[in-house]
Each structure stands twice: as structure tokens, then as C-alpha cells.
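# Summary of the model geometry
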Amino acid sequence: MFKLGAITVGQSPRTDVTDDIMGIFQGKVEILERGALDGLTVEDIDRLAPDAGEYVLVSRMRDGSQVSFSEQKILPRIQKCIEQLEAEGVKMILFFCTGEFDYKFKSRVPLIFPCDLISRLIPVLCGGRQLIVVTPTQRQVQQSQEKWRKYVNDVVTVAASPYGGWEEIEQACRKISELQGPLVVMDCIGYSFAMKREVAEKTGKTVVLSRTMAARVISELSDI
């Protein structure tokens, strides 16, 4: 059995993610999870709120609620998660997060960041056309624009939480339908396959889902 480590920047386990990706592995992968916010209370997490200029991350608590916090303030906790998973014998570690990490983690096994995978693929698929990005909160819109303009020239970002009701996804579909771009990136590991299908059916556009694309790369790397 191939041992895969998985780190969420929120709380583990991320059953919402694994429900979508375990079928890709066809029963040949065991996932061991850790979360950067494991063991923390809501009050603890409030103290991790982003200061001005800090990179904002959005993730899921164990109870399914959404939280926002500073990437910089949880980096040591992520490093600890890496060390714990290495000690359990994982062969590689997948991040259940599409955020950019301008930080050099120490690891003896490969670290797979979905952001790195998607950012290499999207310019090829876009072909110079407009890119539509879906991100969880309005406070991440400017951050999203800056991130994706490093790879494509024309970017439009729409905010819709993957952790709320379907109303936000439906509102996003209406906005996306009015845009010219043919390609949509659901830029958060929290977006599900059902959400991808909804956006594709309602807008008629090609949709890239972070969680399943990363899982298919892992499947290739692990020779499954």
C-alpha cells in the first residue's frame, strides 16, 4: 500500500476532499492526514488573523465551518505536520491547499503543491485568452489577481465560498456565464467535484478542479 501524506492548512481530516479523490487511487493508496490548525480552538485561530499585507488563507474546520488566517503565522505548524508524516513513513506529501507558499519547508520526501501544478498547466490551456478564477472570499480577490497575472495577462476573479451553501456557487455561475473566458479555475482545494460539474453545466465552460487534478498527478507519480 502506497502511503501518502496530506496536509491541510485547516483541520484534519478533510473527508470532503478524500471523498472525491480516493476513487482515483483505486484502493491502492493510504492517506495519512495532518492539519496546521489541529488542536486549536476558534479563539486560538482568531489570533492567527492576517495583518495588513499578509497572504490570506481560507480553509475548513473539522466541523465544516470556514476560517481565514495568515499564511505566515502557520508556517511553523505546517513544518511540524511534515515531520510527523515523515515519521509515519509516507512516500510523498500532498498539500490540501492551492495557496502559494514562499517558504522553503524541510522535507525528506517530495512535497506536492497543487498551485505549482495548476500554474504550469493553465497558460497552456488558456492560449492567451481570458482566465476566470473562482476564489473563496472577496478579501482574496486582489491576491488572486496578483497570483494569476504572473502566468496569464487577462484574469477575472469571482468570489464564492466552497464551505457555505450552494447559493454562492450559483451566483458565481451567473457571473461567469457573462464573462468571455473559456476556462475556469476553481482555485481552492475546498471546491468539490459536484461544484465543478455545476459550474461546467451552468456556464458551458471548461473547468479545472484543483483536488482531482492533484490526485491524478499523484496517481501517475506513484505508478498506480
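Quick caveat: nothing in here was measured; it's all calculated off a predicted structure. (Residues numbered from 1 in each chain as written. Predicted model: local features only at pLDDT ≥ 70, side-chain atom pairs only at ≥ 80, totals over all residues. Heavy atoms only, no water.)

With that settled, consider the sheet that holds strand β9 (residues 183-186). The 4 strands lie next to each other as β8-β7-β9-β10, forming an open sheet whose pairing is parallel. Every other strand in the sheet has two partners, leaving β8 (155-159) and β10 (206-209) as the edge strands with one partner each. Taking each pair of neighbouring strands and ignoring which way they run, the sheet shows an average axis angle of 25°. Sheet analysis places strand β7 (residues 131-135) next to β8, joined by 5 bridges and oriented parallel. (Pairing = 2+ DSSP bridges. Helix = DSSP H or I, 4+ residues; strand = E, 2+ residues; numbered from the N terminus. Axes fitted to C-alpha atoms, helices over the stretch in contact; angles between N-to-C directions.)

Next up on the list: the sheet that holds strand β6 (residues 111-112). Within the open sheet, the 4 strands sit side by side as β2-β1-β5-β6. Their pairing is parallel. Every interior strand has two partners, whereas the edge strands, β2 (29-35) and β6, have only one. With 7 bridges joining them, strand β1 (residues 2-8) and β2 adopt parallel strand pairing. Opposite Thr8, over in β2, you have Gly35 as the bridge partner.

So, on to the pairing of β7. Among the 5 residues that make up β7, 5 are buried, leaving the element largely enclosed by the rest of the structure. At this point the chain moves from β7, through helix α5 (residues 141-148), to the parallel β8, and the crossover so formed is right-handed. Note that β7 and β9 share 4 bridges and pair parallel. Bridged to Val134 within β9 is Met186. (Buried < 20%, exposed > 50% of the residue type's maximum accessible area, 1.4 Å probe, protein only. Right-handed = clockwise from strand over helix to strand, strands pointing away.)

Okay, the domain arrangement of the protein next. Domain annotation of the protein identifies domain 1 (1-111) and domain 2 (114-208). Taking the mean C-alpha position of each, domain 1 and domain 2 sit 22 Å from one another. Each partner contributes to the interface: domain 1 provides 22 residues, whereas domain 2 provides 19 residues. A buried area of about 1,600 Å², summed over both sides, lies between domain 1 and domain 2, and 53% of it is on carbon and sulfur atoms. When the buried area of domain 1 at its contact with domain 2 is split by residue, Gln66, Thr98 and Glu100 rank highest and sum to 38% of it. The tally of links between domain 1 and domain 2 comes to 1 salt bridge. Its salt-bridge partner being Lys150, residue Glu100 comes within 2.9 Å of it at the nearest N-O pair. Elements that contribute at least two residues to the side of domain 1 that touches domain 2 include exactly α1 (15-25), β3 (56-60), β4 (66-70) and β5 (92-96). (Domains from an automatic or database assignment. Contact = heavy atoms within 4.5 Å. Buried area = accessible area lost by both parts, 1.4 Å probe. Salt bridge = Lys/Arg side-chain N within 4 Å of Asp/Glu carboxyl O.)

β2 sits mainly inside the fold: 5 of its 7 residues count as buried. Where the polypeptide runs from β1 across α1 and back to β2, its parallel neighbour, the crossover connection is right-handed.

By the secondary structure assignment, Ser144 is in helix α5. Setting aside residues up to four positions removed in sequence, Ser144 forms contacts with Val133 and Thr157.

Residues Ser12 and Pro13 are joined by a peptide bond in cis, for which omega reads 0°. Mapped onto the elements of the fold, Pro13 is located in the loop between β1 and α1. In this structure, Gln26 is a non-glycine residue whose phi angle is positive, near 55°.

As a further point, take the environment of Met61. Residue placement: Met61 occurs in the loop between β3 and β4. Expressed as a C-alpha distance, the spacing of Met61 and Lys106, which sit 45 residues apart in the sequence, is 26 Å. Beyond its immediate sequence surroundings of up to four residues, Met61 is in contact with Gln11, Leu37, Leu40, Val42, Ile45 and Val67.

Below, the discussion takes up the environment of Leu117. Relative to the assigned elements, Leu117 resides in helix α4 (residues 114-126). Along the sequence, Leu117 and Met213 sit 96 residues apart, while their C-alpha atoms lie 8.4 Å from each other. Residue contacts for Leu117: discarding those within four places in its chain leaves Ile112, Met213, Ala214 and Val217.

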